[in-house]
Amino acid sequence: APDVPLANVKAHLTRFQSIANANGGNRAHGTSGYRASLDYVKAQLDAAGFDTTVQAFTARGATGYNLIADWPGGDPGDVLMIGAHLDGVTAGPGINDNGSGSAAILETALAVARADLQPGKHLRFAWWGAEELGLLGSTHYVNTLPSAERQKIGGYLNFDMVGSPNPGYFAYDGDGSSGPGGPAGSARIETVLREHFTAIGVPVRDTAFDGRSDYGPFIRVGIPAGGLFTGAEGRKTAEEARLWGGQAYAPYDRCYHAYCDTTANIDDTALDRNADAIAHAVWTLAGTGGGPPD
Ligand code: PHE
Ligand code: ZN
Ligand code: ZN
Ligand code: ZN
Ligand code: CA
């Protein structure tokens, strides 16, 4: 997999910050800041050759939107999905939560296009609306997907908060080594998500696979899933600070759901490592196409 340029990921965060600044300070569901965020991501994907779809839904009296971007090619009966929520809370600009995941998967998608990747699986990226209101966009997507389409989705990768300023390096516990685990196939996803960190010598710890982000609706219908996370309101333990550096006993993200979740609220090293791990997982899990050479 290519190295995902950190500068490109950060340029997307700068744009999300500008959008918030110009739209009352946030990018929350039902606001002009949300719609501008979606239009920005969509324009990048359209220019790169993705087939994009905007799926509207109604939540709390406002229209919400999911953005779905299909990379042409691959086995239409074996779909790998990669998603992040694009909305934030009303308190602030939502740069770590979840500009970080949104920007990291956007830059991964653009890397797929730059490489003209011809994967074995069909790749579908998603930016979810209204996660902060209770996973509403991703739930709408899964619940309205015809069962024949649902059966084609072989896996879902979720990225929600991947640049926390006092970062941990966490993978959702898909293999059940520290909890109930996920649908069959989730173990393989966890393994692949951890591989890039193993290669660079960064230890990874499990985090709960309890449905606290947009993978919840997927695992509830039995779709294997996984994801990475650098921590929210929880506090880094002394042992974790020895493993990863940073500040023991302090929150992973002291600006979680707050006004100060700005572009200053990002650890560049964590963001870079996670973006590269996402690309590694997409390349590895999508596999290589078996079609004729072009
Ligand atoms: N979904 C939470 C939010 O957006 C953040 C979170 C992600 C918490 C992953 C736990 C695990 O606020
Ligand atoms: Zn990198
Ligand atoms: Zn949040
Ligand atoms: Zn989030
Ligand atoms: Ca595990």
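Please read all numbers here as calculations on a predicted model, not as lab measurements.

**Student:** Looking at this structure, I do not really get the overall build of the protein. What am I missing?
**Tutor:** Across its full length, the protein holds nine helices and eight strands. Relative to the 2.2 N^0.38 estimate, which gives 19 Å for 294 residues, the radius of gyration of the protein is 18 Å and therefore close to what a compact globule would have. By principal-axis analysis of the C-alpha atoms, the protein measures approximately 55 × 40 × 35 Å. Of all intrachain contacts in the protein linking residues separated by at least 6 positions in sequence, the fraction that spans at least 24 positions is 78%.

**Student:** Even after reading the chapter, I still don't get the UniProt feature "domain: Peptidase M28" (unreviewed entry) in the protein, so can you show me in this structure?
**Tutor:** Per the UniProt entry, the sites bearing "domain: Peptidase M28" (unreviewed entry) are residues 66-281 in this numbering. Along residues 66-281 the backbone is 35% helical and 20% strand, and the end-to-end C-alpha distance reaches 23 Å.

**Student:** What should I look at first to understand the sheet that holds strand β7 (residues 205-207) in this one?
**Tutor:** Strands in a sheet are paired, the pairing made by backbone hydrogen bonds, and the direction either parallel or antiparallel. Pairing is mixed in the open sheet, where eight strands are placed in the order β1-β2-β4-β3-β5-β8-β6-β7. A strand with exactly one partner marks an edge of an open sheet, and here the two such strands are β1 (51-59) and β7. Going across the sheet, the axis of each strand differs from the next one's by a mean of 25°, ignoring polarity. In this structure, β1 lies alongside strand β2 (residues 62-71), joined through nine bridges in antiparallel fashion. When the sheet's bridge partners are listed, alanine 56 is paired in β2 with tyrosine 65.

**Student:** How do you make sense of the site of ligand 1 when you look at a structure like this?
**Tutor:** Surveying the vicinity of ligand 1 reveals the residues Asp97, Glu131, Glu132, Asp160, Met161, Arg212, Ser213, Phe229 and Ala232. A breakdown of the residues in the shell around ligand 1 according to their chemical character gives three nonpolar, one polar and five charged.

**Student:** Where do I start with the packing of helix α3 (residues 95-115) against helix α9 (residues 268-286) in this structure?
**Tutor:** To characterise two packed helices, one gives the angle between the axes of the helices and the distance between these axes. Axis separation between α3 and α9 bottoms out at 10 Å; the angle between their running directions is 45°. Relative to α9, the element α3 is oriented oblique. Like other packed secondary-structure pairs, α3 and α9 cross with a definite hand, here right-handed. In this structure, α3 uses Ser100, Ala104, Ile105, Glu107, Thr108 and Ala111 to contact α9, whose residues at the interface are Leu271, Asn274, Ala275, Ile278, Ala279 and Val282. Along the lines of polarity and charge, the residues of the contact of α3 with α9 split into eight nonpolar, three polar and one charged.

**Student:** Would you mind showing me how to read helix α1 (residues 6-22) here?
**Tutor:** Every α-helical turn comprises 3.6 residues, leaving residues that sit three or four positions apart pointing alike. Between its terminal C-alpha atoms α1 stretches 25 Å, which fits the 24 Å expected from 17 residues at 1.5 Å a residue. Val9, Lys10, His12, Leu13, Phe16, Ile19 and Ala20 are the residues of α1 that are buried. Glycine 24 lies just past α1 and shows a positive phi near 80°.

**Student:** Could you clarify how one ought to interpret the pairing of strand β4 (residues 121-128) in this entry?
**Tutor:** Looking down a regular strand, the side chains alternate between one sheet face and the other. Within β4, eight of the eight residues are buried, which leaves the element mostly enclosed by the surrounding structure. Examined bridge by bridge, β2 and β4 share five bridges and lie antiparallel to one another. The partner of alanine 69 across the bridge, within β4, is phenylalanine 125. As paired elements, strand β3 (residues 75-85) and β4 share eight bridges and run parallel to each other. Paired with leucine 80 across the bridge in β4 is leucine 123. Of the crossover connections in this fold, the one passing from β3 over α3 to the parallel β4 is right-handed.

**Student:** How do you make sense of the environment of glycine 77 when you look at a structure like this?
**Tutor:** As for its placement among the helices and strands, glycine 77 is situated in strand β3. Spatially, the C-alpha atom of glycine 77 lies 38 Å from that of asparagine 26, the residues being 51 residues apart in sequence.

**Student:** Please clarify how the confidence of the model for the protein should be interpreted in this entry.
**Tutor:** Detailed reading of the predicted model is not advised wherever pLDDT is low. Chain-level pLDDT for the protein is 97 on average; 98% of the residues reach the 70-or-more range. Interface confidence for the predicted complex, given as ipTM, is 0.93, next to a pTM of 0.97.

**Student:** Help me understand helix α6 (residues 186-200), please; the structure alone is not making it clear to me.
**Tutor:** Maximal helix bending in α6 amounts to about 30°, located at arginine 194. Packed against the buried residues of α6 are β5 (153-159), β6 (170-172), β8 (225-229) and α9. Looking one or two places after α6, you find glycine 201, whose phi comes out positive at around 75°.

**Student:** Looking at this structure, I do not really get the nonpolar core. What am I missing?
**Tutor:** In a soluble, globular protein the nonpolar side chains are often hidden away together inside. Grouped together as the largest cluster of nonpolar side chains are 72 residues, with contacts concentrated most on Ala104, Ile105, Ala109 and Ile278. A total of ten residues in this core trace back to one element, the largest contributor, which is α9.

Reading the values: rules and limits
Residues numbered from 1 in each chain as written. Chains lettered and ligands numbered in written order. Predicted model: local features only at pLDDT ≥ 70, side-chain atom pairs only at ≥ 80, totals over all residues. Helix = DSSP H or I, 4+ residues; strand = E, 2+ residues; numbered from the N terminus. Rg over C-alpha atoms; globule rule 2.2 N^0.38 Å. Contact = placed C-beta atoms within 7 Å. UniProt positions renumbered as here; feature names shortened; annotations may be inferred. Pairing = 2+ DSSP bridges. Axes fitted to C-alpha atoms, helices over the stretch in contact; angles between N-to-C directions. Near = placed C-beta within 6 Å. Nonpolar A, V, L, I, M, F, W, Y, C, P; charged D, E, K, R; others polar. Parallel < 35°, antiparallel > 145°, perpendicular 65-115°, else oblique. Left-handed = near helix turned anticlockwise from the far one by under 90°. Expected span 1.5 Å × (residues − 1). Buried ≥ 20, exposed ≤ 12 C-beta atoms within 10 Å, placed from the backbone. Right-handed = clockwise from strand over helix to strand, strands pointing away. pLDDT = per-residue confidence, 0-100. Bend = angle between axes of the 7 residues up to and from the residue. Core = buried A, V, L, I, M, F, W, Y, C linked by C-beta atoms within 7 Å.

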